[in-house]
Each structure stands twice: as structure tokens, then as C-alpha cells.
Amino acid sequence: MAVLKVKFTKTKRDKLAQILWILNWVSVVSGIILFSLGLFLKIEIKKRNEVMAKGDVNSVPNMLISVGVIACVINFLGGKICYDCSDANKFSRWKLLMLPYIICTFCFTFCILLGALMCYTMRNELEESLYLGLRDAIKFYKDTDIPGRCFLKKTVDMLQIGFQCCGNNGFRDWFEVQWVSARYLNMASKEVMDRFKSNVDGKFLVDGVPFSCCNPSSPRPCIQYQLTNNSAHYNYDFLTEELNIWMKGCREALLDYYTAIMRSIGIAALLIWLFELSVLIGVRYLQTAMKNVLMLGDLQGESDGWLLENSFVETAKYNINIIKNLGKANQISTVSGMNDPNIDVQNTDCGKNNVTTKSIPAAR
């Protein structure tokens, strides 16, 4: 029994073809939107590529860009098909291509859904990439004279100023790395040498942060150095949350920023998926209705349209049997009771003539 059968008159078929023609052109615009969203996300990730480790963070924007391009092509072709379906004679040219087109479009709409879901599942990969990338960027912050790393100081400073953050997880990350270049340290100073000697790795570690961690909204002048020394500053307690530096880590700030973008893109992709799915359903009804009217031979009469010719269970069984039999096309049947004509051939005496022999009378 057909699933969701609908009866179409000639007028309804023509109106459905015209509406689908318009909707397919709208779908071309939605494909451009998907492409633009993927390109925007790719550019935003590229802007902070220096503080991200290499990984699969570009998989979502690349998928959105690819799906957007495919959407434009498929829906442009769909618009042409739906326009020709208003005429039964023109539909004959597309009759054999309609079902493969619908199957390909269904797979394409599934890719849109997959891209939308990936926008919500990308957070873990992005968080790991930011953690590793920011860790290395902070580690090489001081290397302003080394090619390939000289830009990291400016990148990290602009990042901390723009996103109002400090460090990877927080401002204490700067206590664990030497972020001041040795060229700016007075090696003749006893205090500097004592700091080098007090560290196992021979690094110049201080309880201070770069200037870009300072909060300009604080009424107090920025305290960058000796953050954990209450006696070094008047009316100061580092255990309180009233420090005049940014408290949020840059990983969290960037993660919130990208999560908000991907959440918006995911919602837009889901809406486009629902729209594409509705268009696909309409194309399926149009295809079955036009196919049935050609079989009936009355181009002006009524015809039935449906989503599936048989029930879901029967359709599933039929497709499963097709898949199972794909690898058996060239195999020799071994079913009991069926003989292979190339093997079980009865022997025949082709070289002998079936001639009756006469007996020779015995001598008397």
C-alpha cells in the first residue's frame, strides 16, 4: 500500500510544478547562504590560526562550503526539471532521471543535516586545538627575534586585548613560562641571576603578566608584576577577585566566541535542511503523479502521487534484498534442485552413429 497517497488533477499538477520551480530557485539562494556561512567560519578560524593546533577544526566550514556549492547545482537542475514537468511531453525527457535525481538530492539533504549537527559537536575538537595552540603561543611569546615566531607576541597581545582575556586557562599561566626575552634582562643584576638559578630549567620566571592582560576599566593603575606579593603594593590583596587584570582565560573566551558562531550557523543549516526536505517531498509527489498519468494515458485526467509505492517495511525489505544480491550476480547458483547446465551435461555419443548391427550367422 502506498504511503501518503494524494490524488492530483491536471490543475494541481501544474500548480505544484510552478511552486516547486520557484522553491528550487529559493533553494539556490539557500545554497549561497550555506556557502557564505562556511566561508565566514573558515575565515574566522583562519584569523586565529596561530593560536590553534593543527586538527580537524576546518572540517565543518569545508563541509558547509561544499554543500553550499552542491546545493546551487542540484537546485538549479531541479528548477529546470520542475519547469518542464508542467508539460507531460517535456517530462518524458526527464522520466528516467527523476528517481536518481531524487535519491541524490536525499543524500545531499542528509549532508546538510550532518553539517548542522557537526556545528554542535565541534566544541571538543576546537577546545583541544585552542588549548595546545595557546600553550605553544605563550611558550614562544618571548621569541621576537626568531623567524617563524616573531609574530606571536603581537598575536597574543592583540588576542588578550580584543577578547579581554589573559593566559590560556588564566593569568597564572604566565607564571610558568619565561615570557620576557633575555635581551631585555640585565644579566649583571643579582636579582635576575638569582631568578635564573632558582629555577631547575634555568628560566626567568616572575609572578607577572604582559601589559595586554591589564583591564583599562580598572580605576587603579595596572599591577603587572609581583601579583602574589601583597606587601609590594599598597592596599592590595591578590586573593581577592579585584585584580585589575583580565581573569578569564583566552581559551574559554575564544571557545565561547566560536561556539556562539557555530550555534547560529547550526540553526541556519537546520532551517535550510527542513526547507530542502520539503522541496524534495514536493518533487517526489510531482514525479510519481506525472509517472502515473503517463501510464494511464490520459494527460488531462487525475493521477495518484505518493512518497513510497509500498509501506516502509516492504520498501526496506526490498532494498535490503537488492543490497544482499549485489554480490551474487556472478555466482553460480547452488540451490538444491537446480542444476548448472554447464556442469551437469548428459554424456552423448556424438561420434557414433545409432545404427543397428546385423548378426553374422554361425557356420554350420
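Residues numbered from 1 in each chain as written. Predicted model: local features only at pLDDT ≥ 70, side-chain atom pairs only at ≥ 80, totals over all residues. Heavy atoms only, no water.

For the protein, an unreviewed UniProt entry supplies the name RDS2 protein and the organism Penelope pileata.

Draft legend 1. Looking closely at the overall build of the protein. A count of helical and extended segments in the protein gives eight helices and two strands. Going from the N terminus to the C terminus, the protein shows its helices and strands as β-α-α-α-α-α-α-α-β-α. The burial tally for the protein puts 39% of its 364 residues in the buried class. For the protein, the share of sequence-separated contacts (at least 6 apart) that also reach a separation of at least 24 residues comes to 73%. About 22,800 Å² of surface is accessible on the protein, with carbon and sulfur atoms providing 60% of the total. (Helix = DSSP H or I, 4+ residues; strand = E, 2+ residues; numbered from the N terminus. Buried < 20%, exposed > 50% of the residue type's maximum accessible area, 1.4 Å probe, protein only. Contact = heavy atoms within 4.5 Å. Areas by Shrake-Rupley, 256 points an atom, 1.4 Å probe, with all protein chains shown as cover.)

Draft legend 2. Looking closely at the UniProt feature "transmembrane region" (unreviewed entry) in the protein. The sites that carry the UniProt feature "transmembrane region" (unreviewed entry) are, in the present numbering, residues 20-40, 60-78, 99-123 and 265-286. End C-alpha atoms of residues 20-40 are separated by 30 Å, and the span's content is 100% helix alongside 0% strand. Across residues 99-123, helical content stands at 96% and strand content at 0%; the span's end C-alpha atoms are separated by 38 Å. (UniProt positions renumbered as here; feature names shortened; annotations may be inferred.)

Draft legend 3. A look at the confidence of the model for the protein. Per-chain confidence: the protein averages 81 in pLDDT, with 83% of residues scoring 70 or above. Looking at the elements of the protein, mean pLDDT is at its lowest for helix α8 (residues 312-325), recorded as 68, and at its highest for helix α5 (residues 152-163), recorded as 94. With pLDDT under 50 throughout, residues 332-364 is counted as low confidence; its partners more than four residues away or in other chains account for three contacts. (pLDDT = per-residue confidence, 0-100.)

Draft legend 4. Inspection of the state of the cysteines at higher detail. Throughout the structure, instances matching the rule amount to three disulfides. Put simply, cysteine 165 and cysteine 250 are joined by a disulfide, and their sulfur atoms are 2.1 Å apart. A torsion of 85° about the S-S bond marks the disulfide between cysteine 165 and cysteine 250 as right-handed. Of this pair, cysteine 165 sits in the loop between α5 and α6 (190-198) while cysteine 250 sits in helix α7 (residues 250-296), placing them 85 residues apart in sequence. (Disulfide = S-S within 2.5 Å.)

Draft legend 5. Representation of the pattern of salt bridges in the model. Counting across every chain of the model gives eleven salt bridges. In this structure, aspartate 136 engages arginine 135 in a salt bridge whose closest nitrogen and oxygen atoms are separated by 3.7 Å. Overall, aspartate 136 belongs to the partly exposed group, its relative accessible area being 32%. Taking relative accessible area as the criterion, arginine 135 reaches 43% and is therefore assigned partly exposed. (Salt bridge = Lys/Arg side-chain N within 4 Å of Asp/Glu carboxyl O.)

Draft legend 6. The arrangement of the environment of valine 279 in detail. Within the secondary structure layout, valine 279 lies in helix α7. A residue is classified by how much of its surface remains accessible, and valine 279, at 3% relative accessible area, is buried. As for valine 279 and tryptophan 21, which are separated by 258 residues in sequence, their C-alpha atoms are 9.6 Å apart. If we ignore the near neighbours within four places in the chain, the residues touching valine 279 are Leu20, Leu23, Asn24 and Ser27.

Draft legend 7. Region of interest: α5. With twelve residues, α5 extends 16 Å from end C-alpha to end C-alpha; this agrees with the ideal 16 Å at 1.5 Å per step. The set of residues buried in α5 consists of Leu152, Val156, Asp157, Leu159, Gln160 and Phe163. Mapping the buried residues of α5 onto a view down its axis gives an arc of 160°, with all of them on the same face. Turned more than 90 degrees off the buried face of α5, the exposed positions are Lys154, Met158 and Gly162. The inward-facing, buried residues of α5 contact α4 (123-139) and α7. Just downstream of α5 lies glutamine 164, where phi reads positive at about 50°. (Expected span 1.5 Å × (residues − 1). Arc of directions from axis to C-beta.)

Draft legend 8. Quick look at unusual backbone geometry. Its identity as a non-glycine residue notwithstanding, glutamine 226 has a phi of 55°, on the positive side. Here glutamine 226 shows up in the loop between α6 and α7. Residue class for glutamine 226 comes out partly exposed when judged on its relative accessible area of 34%. Notably, asparagine 235 is not glycine yet its phi reads approximately 50°, a positive angle. Examined against the element boundaries, asparagine 235 turns out to sit in the loop between α6 and α7. What makes asparagine 235 exposed here is its relative accessible area of 65%.

Draft legend 9. View of the nonpolar core. Formed by 80 residues in total, the largest nonpolar core has its most connected members in Leu126, Phe171, Trp174, Val209, Leu227, Val283 and Leu286. In terms of residue count, the dominant contributor to this core is α7 (18 residues). When residues no more than four places from it in sequence are discounted, the contact partners of leucine 126 are Met52, Val57, Leu255, Tyr258 and Met262. (Core = buried A, V, L, I, M, F, W, Y, C linked by side-chain atoms within 4.5 Å.)

Draft legend 10. Here's a closer look at the packing of α4 against α7. α7 packs onto α4 with a crossing angle of 145° between their chain directions and a minimal axis gap of 10 Å. You can see that α4 and α7 cross each other, and the crossing is right-handed. Residues Arg123, Leu126, Glu127, Leu130, Tyr131 and Leu134 of α4 form the contact with α7, whose own contacting residues are Cys250, Arg251, Leu254, Leu255, Asp256, Tyr258, Thr259 and Met262. Split by residue class, the contact of α4 with α7 holds nine nonpolar, one polar and four charged. (Axes fitted to C-alpha atoms, helices over the stretch in contact; angles between N-to-C directions. Left-handed = near helix turned anticlockwise from the far one by under 90°. Nonpolar A, V, L, I, M, F, W, Y, C, P; charged D, E, K, R; others polar.)

Draft legend 11. The arrangement of the side chain of glutamine 287 in detail. Mapped onto the secondary structure, glutamine 287 falls in helix α7. The residues touching glutamine 287, leaving out its near neighbours within four places in the chain, are Phe91, Met98 and Ile102.

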